[in-house]
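The residues making up each chain are set out below.
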Number of protein chains: 2
Amino acid sequence: MTSDRDDGRFSYEGLDRIIHERARLSVLTSLVAHPKGLPFPDLKRLCGLTDGNLSRHLAVLSEAELVSLEKGFSLNRTQTICRMTPTGRRRFIGYLGVLEQVVRDAAVAAERSPEGGVRGLDPATKPA
Amino acid sequence: MTSDRDDGRFSYEGLDRIIHERARLSVLTSLVAHPKGLPFPDLKRLCGLTDGNLSRHLAVLSEAELVSLEKGFSLNRTQTICRMTPTGRRRFIGYLGVLEQVVRDAAVAAERSPEGGVRGLDPATKPA
DNA sequence: CATCATGCTTTGCACCGCAAAGTACCCACC
DNA sequence: GGTGGGTACTTTGCGGTGCAAAGCATGATG
C-alpha cells in the first residue's frame, strides 16, 4: 500500500513551529491584512487574545524577527504598533503554501473516500 | 481602522488544539487518505515520525476518539492498525474548513498589499 | 488624593512534544 | 537452548510553551 517513495509524504516539515500556533497565526494574518501596522489593543481585539497572551506571542514573533514593535505615544498613552517585517512576510507566505498543500491533500483524500460531508472542500470548488 | 464588529475577526477558534499540531495533522491527513486504516509502521514512515512520537500522538488522538486503534497479529507480529473514526473524520473536515479560511484570508490580504512574492497564493488561482 | 481605566509585562503552572531508553515478542543461528 | 538481532511498540524525562492571573506604570476623573 505505502511504498518507500512515500516516506514523509505527509510530514509537512514546512509547518514552522513559530508560525504554526493558533494565536500567532491569528496575529500574522491580522498583520498581513494591515500592512501599515496595528496598535496593540486593535490586534488584541482582532485576535480575541488577552493582554498577557498577545504580549507573550509578540515577544516570540519579535524575537524571531517576523514582526517589529514600535513603542511610542499617542494621545498621552503608551502605544505599541506592530508590523510585519519583510522577512516575516516572506516566511509567512512560505508557510501558507504548505498550509495550502495540507488542505489540498486532505480535501483530495476526503473526496476520494465516499463517506460524505466533504461539501465545499473539493480543491476545484470555489467558495460562494 | 478596526471597528467593534471586527472583534475576533482573526481568532480562528475552530483551530482545535488536538488537531492543530504538526504531527497529528500529518497523522490525520494520512488516515483520511487511507480510509481502510494504516498499520503503525506505515503511518510512522508517511509522517516521518519516530516510534515514540507516533505512539504518544496516537494515544492523544485515540483518547479524543478521533482515531481507533485495532491491535492484533499478522505474520506472527503484533500489529496496530489505525483508522479514523466517523467523529474524527467529521471534526477533521470541520478543522480543514477553518484552515481553508485562514489561507483564503491571508491570501486575499497578501494580494492586496503590493509588496510581491504572492504568486500562487491568490485564492482564485489554481495550482499547476 | 483616591479611584478607576488603559496599555502593556511578568509570573507561575500545567501541559506537551520530543528523544532516548525500555519492554515484549519473534526469528535465526550455533 | 541460549544468545543475538530485528520488529513493534510504550514509557520516561525534560526542556519548552501556551495561558490566565497578577503586577506595574501612566493618565484621567470625582
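Residues numbered from 1 in each chain as written. Chains lettered and ligands numbered in written order. Predicted model: local features only at pLDDT ≥ 70, side-chain atom pairs only at ≥ 80, totals over all residues. Heavy atoms only, no water.

Taken as a whole, chain A shows an average pLDDT of 85; of its residues, 84% reach a score of 70 or greater. Note on residues 116–128 of chain A: pLDDT is under 50 here. Beyond four places in sequence and across chains, it has 21 contacts. (pLDDT = per-residue confidence, 0-100. Contact = heavy atoms within 4.5 Å.)

Near DNA strand D there are 21 residues, and of these Arg-24 of chain A together with Asp-51, Ser-55, Lys-71 and Thr-80 of chain B occur at the shortest range. The separation between a phosphate oxygen of DNA strand D and a polar side-chain atom of Lys-71 of chain B is 2.4 Å. At the level of elements, α3 (51–63) of chain A together with α2 (40–47), α3 (51–63) and β3 (77–84) of chain B are the ones that each hand at least two residues to the surface near DNA strand D. Classifying every residue of the surface near DNA strand D gives two nonpolar, 10 polar and nine charged. (Near = heavy atom within 4 Å. Polar contact = N/O pair within 3.5 Å; in protein donor to acceptor, adjacent residues only side chain to side chain. Helix = DSSP H or I, 4+ residues; strand = E, 2+ residues; numbered from the N terminus. Nonpolar A, V, L, I, M, F, W, Y, C, P; charged D, E, K, R; others polar.)

This part takes up the protein's contact with DNA strand C. Around DNA strand C, 22 residues are found, and the nearest of them are Asp-51, Lys-71 and Thr-80 of chain A together with Arg-24 and Asn-76 of chain B. Close to the protein, within 4 Å, the atoms of DNA strand C are drawn from sugar and phosphate at a rate of 60%. Between DNA strand C and Arg-24 of chain B there is a distance of 2.6 Å, counted from a phosphate oxygen to a side-chain nitrogen or oxygen. Measuring from a phosphate oxygen of DNA strand C, one finds a side-chain N or O atom of Asn-53 of chain B at 3.2 Å. Those elements that provide at least two residues to the surface near DNA strand C are α2 (40–47), α3 and β3 (77–84) of chain A together with α1 (22–33) and α3 of chain B. For the surface near DNA strand C, the per-class residue count stands at three nonpolar, 10 polar and nine charged.

Moving on to the packing of helix α4 (residues 86–112) of chain A against α1 of chain B. α1 of chain B packs onto α4 of chain A with a crossing angle of 30 degrees between their chain directions and a minimal axis gap of 8 Å. Judged by the angle between their axes, α4 of chain A and α1 of chain B are roughly parallel. The two elements α4 of chain A and α1 of chain B meet at a crossing, and its hand is left-handed. When α4 of chain A is examined against α1 of chain B, the residues Val-102, Asp-105, Ala-106, Ala-109 and Ala-110 of chain A are found in contact with a partner set consisting of Leu-25, Thr-29, Val-32 and Ala-33 of chain B. Residue composition of the contact of α4 of chain A with α1 of chain B, by class: seven nonpolar, one polar and one charged. (Axes fitted to C-alpha atoms, helices over the stretch in contact; angles between N-to-C directions. Parallel < 35°, antiparallel > 145°, perpendicular 65-115°, else oblique. Left-handed = near helix turned anticlockwise from the far one by under 90°.)

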